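Structural characterization, general
So the chains spell out like this:
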Amino acid sequence: MAFYKDESLNELALDRNVAQFVSFAPASKGSLKQRFCRVAGYEPNYVFPTLENAIKVLLTTSVDGSVNIRSFLPDDPRSKEFVYGLTRVDTVLAEMRRLSASGLFLIVNETIDVGDGGVSGVVQSDVIEFAPDDTPRCVEKPGTASLPFTLGMDVLETVYGFRPQLQSVRGERIEFSIHPRPQGWMKTHTLIWEREVGVVGEATAKSSWPNRFSRHIGDKAFGLLIAHKLGLRVPRTTVISRRLAPFVFGSETRSGEVWVRTAPTEPQPGRFTTVKGWIDPFKLLAKEDPSGEFIASVLCQAAVPATYSGAAIAGGDNSVIIEGTEGEGDRFMLGLDLPQKLPDNVFEEVRSTFDKLHELLGPVRFEWVFDGLTTWVVQLHRGGTETITGVLVPGDAYKWTRIEAVLPLEDIRDLVLQVEDGAGLVIVGDIGLTSHIADVVRKAGHPARVERSIAA
């Protein structure tokens with residue numbers, strides 16, 4: 001049975017926004033006959049007076065002034081030659097005539113820039129998956145963000161400032177892309193590329209990061225946004241991104257101060273700047289990551305009046321490790337101050353926050369601030385550890401390298417990177433098991449333990 005790809009596209013465009021297109025069938029003596037079209041400002045399936053006029057209008061209305069040509073045969077489900085990114089009318093016409101001479105049907109559609117800061121992906125059942133800088137086929141690659149549909153839609157609405165025109169329908173699979181600038185024949189931010197009905201089976205969200213989207217907006221920004229959308233207390237945060245317009249989420253605090261935090265693409269414990277008070281985010285990016293390789297964004301976060309601050313991690317043997325110190329916790333996280341015994345009410349408040357996050361996400365690690373009444377999440381990462389008292393990473397080693405905990409964090413980071421495969425680490429001195437020192441050691445993956453110094 002014949003299958004006309006442009007017929008399917010025409011049906012999809014009855015109530016969905018699709019990329020602008022005009023389709024053609026081969027006619028006698030190498031000529032072409034228009035079949036379907038969707039072009040902004042024109043009625044559905046408007047018939048253009050000439051082939052040249054159709055292509056000229058399509059190029060003019062395309063956001064980037066560029067079109068592609070897809071070719072197919074009705075009795076073959078596989079697509080034929082695909083010509084990408086044409087910008088001249090005469091070039092488009094020449095390629096169309098060449099392809100139609102072989103009896104091919106053609107769809108000429110506007111070129112959609114998948115590298116414009118938006119995302120592409122798939123909605124199936126109650127799951128939405130997406131990634132930047134790719135087509136909807138990104139879901140077949142590792143690193144795609146995968147979230148429950150409502151949570152994913154809330155995240156995308158916050159980041160882009162509009163709610164994507166997507167629905168979750170049982171038995172339906174939708175390929176889509178969303179864009180900062182309006183696109184397609186309806187000139188909206190959401191494009192639909194393909195719809196499949198009668199899909200059997202249920203999809204399951206993986207809800208893990210780092211992923212390609214968390215790297216896109218910054219790991220800290222993504223974790224905090226997830227915490228906020230799950231109902232946790234997150235300070236009001238403005239994200240100043242390299243590739244996106246600024247966006248805001250979180251709740252107001254009782255402080256008039258701010259923290260400025262760098263948000264690397266992936267966790268880099270204590271490596272980049274965190275400072276209380278406003279500093280120029282663009283100078284900060286230029287100074288610490290001029291190539292744009294490591295830092296995705298800068299966060300301006302409302303300060304929380306801190307009575308206690310610290311961190312919590314999922315440890316080994318199904319344990320929960322909660323540590324902190326009185327007041328602000330930046331020195332504790334850098335390993336400059338040791339953890340203090342927390343009041344019972346503070347410990348229980350933080351444990352309650354941990355339990356809620358664990359129930360929703362599985363094993364997590366997060367930094368917290370207690371304001372005397374409630375716990376605020378100021379960083380969130382997914383994943384657990386095998387840390388228990390005295391052991392950061394379990395395992396045996398053929399030799400052990402000793403590192404003094406009193407060294408600056410960057411020196412410890414450099415020394416850890418020099419450890420050979422199969423060797424282990426002994427951190428000499430008292431450190432918090434949730435501090436950046438411990439994070440740096442765990443990230444390296446070598447067997448590691450903590451040994452109190454003789455002086456201690």
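Below you will find a few notes about this structure. (Residues numbered from 1 in each chain as written. Predicted model: local features only at pLDDT ≥ 70, side-chain atom pairs only at ≥ 80, totals over all residues. Heavy atoms only, no water.)

We now examine the overall build of the protein chain. Looking only at helices and strands, the protein chain has eleven helices and 23 strands in total. The principal-axis extents of the C-alpha atoms in the protein chain amount to approximately 95 × 50 × 45 Å. If you take every contact in the protein chain between residues at least 6 apart in sequence, the share linking residues at least 24 apart comes to 62%. Approximately 20,800 Å² of the protein chain is accessible, and the part contributed by carbon and sulfur atoms is 51%. Charge centroids of the protein chain, computed over 49 positive and 59 negative side chains, lie 5 Å from each other. (Helix = DSSP H or I, 4+ residues; strand = E, 2+ residues; numbered from the N terminus. Contact = heavy atoms within 4.5 Å. Areas by Shrake-Rupley, 256 points an atom, 1.4 Å probe, with all protein chains shown as cover. Lys, Arg positive; Asp, Glu negative; His and termini not counted. Charge placed at Lys NZ, Arg CZ, Asp CG, Glu CD.)

Burial analysis of strand 13 (residues 258–264) places six of its seven residues in the buried class, the great majority of the element. Pairing analysis gives seven bridges linking strand 13 to strand 15 (residues 295–302), with the strands arranged antiparallel. Bridge pairing links V260 to C300 in strand 15. As defined by bridge partners, strand 13 adjoins strand 14 (residues 274–276) across three bridges and the pair is classed as antiparallel. (Buried < 20%, exposed > 50% of the residue type's maximum accessible area, 1.4 Å probe, protein only. Pairing = 2+ DSSP bridges.)

Let's shift gears to the packing of helix 10 (residues 409–417) against helix 11 (residues 436–444). Running from N to C, helix 10 and helix 11 point in directions that differ by 15°, and their axes come no closer than 10 Å. In terms of axis orientation, helix 10 runs roughly parallel to helix 11. Our pair here, helix 10 against helix 11, has a crossing hand that is right-handed. Residues L409, I412, R413 and V416 of helix 10 pack against H436, I437, V440, V441 and A444 of helix 11. (Axes fitted to C-alpha atoms, helices over the stretch in contact; angles between N-to-C directions. Parallel < 35°, antiparallel > 145°, perpendicular 65-115°, else oblique. Left-handed = near helix turned anticlockwise from the far one by under 90°.)

This paragraph deals with the nonpolar core. By size, the foremost hydrophobic cluster in this structure holds 64 residues, and its most contacted members are F213, F366 and W368. Broken down by element, this core gets its largest block of residues, seven residues, from helix 4 (residues 149–160). Apart from residues lying up to four places away in sequence, F213 is in contact with V119, F130, P132, A145, V155, L156, V159, Y160 and F222. V22, L32, V57 and V92 belong to the second-largest nonpolar core, a separate cluster that totals 24 residues. (Core = buried A, V, L, I, M, F, W, Y, C linked by side-chain atoms within 4.5 Å.)

Time to look at helix 9 (residues 344–361). Spanning 18 residues, helix 9 covers 25 Å between terminal C-alpha atoms, matching the ideal 26 Å at 1.5 Å per step. Looking one or two places after helix 9, you find G362, whose phi comes out positive at around 90°. (Expected span 1.5 Å × (residues − 1).)

Attention shifts here to the packing of aromatic side chains. Taken as a whole, this structure holds eleven aromatic pairs when the rule is applied. Seen in terms of ring centroids, Y42 and Y46 are 5.1 Å apart; in terms of plane orientation they differ by 50°. Their pairing is tilted. In this structure Y42 comes out as partly exposed when scored by relative accessible area, which is 30%. Note on W209 and F222: the rings are 5.3 Å apart at their centroids and 70° apart in plane angle, and the pair reads as edge-to-face. Taken as a pair, W209 in the loop between strand 10 (188–197) and helix 5 (212–217) and F222 in helix 6 (residues 219–229) lie far apart in primary sequence, 13 residues in all. Classification of F222 as buried rests on a relative accessible area of 1%. An aromatic cluster of three or more residues is present, and its members are F130, W209, F213 and F222. Between the NZ or CZ atom of R38 and the centre of the ring of W185, over which it lies, the distance is 5.5 Å. (Phe/Tyr/Trp six-rings, centres within 6.5 Å; stacked < 30°, edge-to-face > 60°. Lys NZ or Arg CZ within 6 Å of the ring centre and 35° of its normal.)

Our focus in this paragraph is the sheet that holds strand 9 (residues 172–183). In space, the five strands of this open sheet follow the order 8-7-6-9-10, with antiparallel pairing throughout. Pairing within the sheet leaves two strands with one partner each, and these edge strands are strand 8 (145–148) and strand 10. When strand polarity is set aside, the average angle formed by the axes of neighbouring strands in this sheet is 20°. Examined bridge by bridge, strand 7 (residues 127–132) and strand 8 share four bridges and lie antiparallel to one another. Bridge assignment links I128 to a residue of strand 8, and that residue is L147. This element, helix 4, spans strand 6 (119–124), strand 7, strand 8 and strand 9 of the sheet and lies at about 115° to strand 8.

Where helix 2 (residues 51–61) contacts helix 3 (residues 89–100), the axes come no closer than 10 Å and their chain directions differ by 125°. Overall, the two elements helix 2 and helix 3 adopt an arrangement that is oblique. Judged by the twist between their axes, the crossing of helix 2 over helix 3 is right-handed. Listed contacts from helix 3 to L51, E52, I55, K56 and L59 of helix 2 are V89, V92, L93, M96 and R97. Within the contact of helix 2 with helix 3, the residues separate by chemical class into seven nonpolar, no polar and three charged. (Nonpolar A, V, L, I, M, F, W, Y, C, P; charged D, E, K, R; others polar.)

This next bit is on the sheet that holds strand 20 (residues 391–393). Across the sheet, four strands lie side by side as 20-23-22-21; this open sheet has mixed pairing. For this open sheet the edge positions go to strand 20 and strand 21 (400–404), each flanked by a neighbour on one side alone. With strand direction ignored, the average angle separating the axes of adjacent strands in the sheet is 25°.

Cis geometry is found at the peptide bond from W209 to P210, where omega equals 10°. For P210, the location among the structural elements is in the loop between strand 10 and helix 5. Within the chain, K187 stands out as a residue other than glycine whose phi angle is a positive 55°. Within the chain, N318 stands out as a residue other than glycine whose phi angle is a positive 60°. For N318, a relative accessible area of 80% translates into the label exposed.

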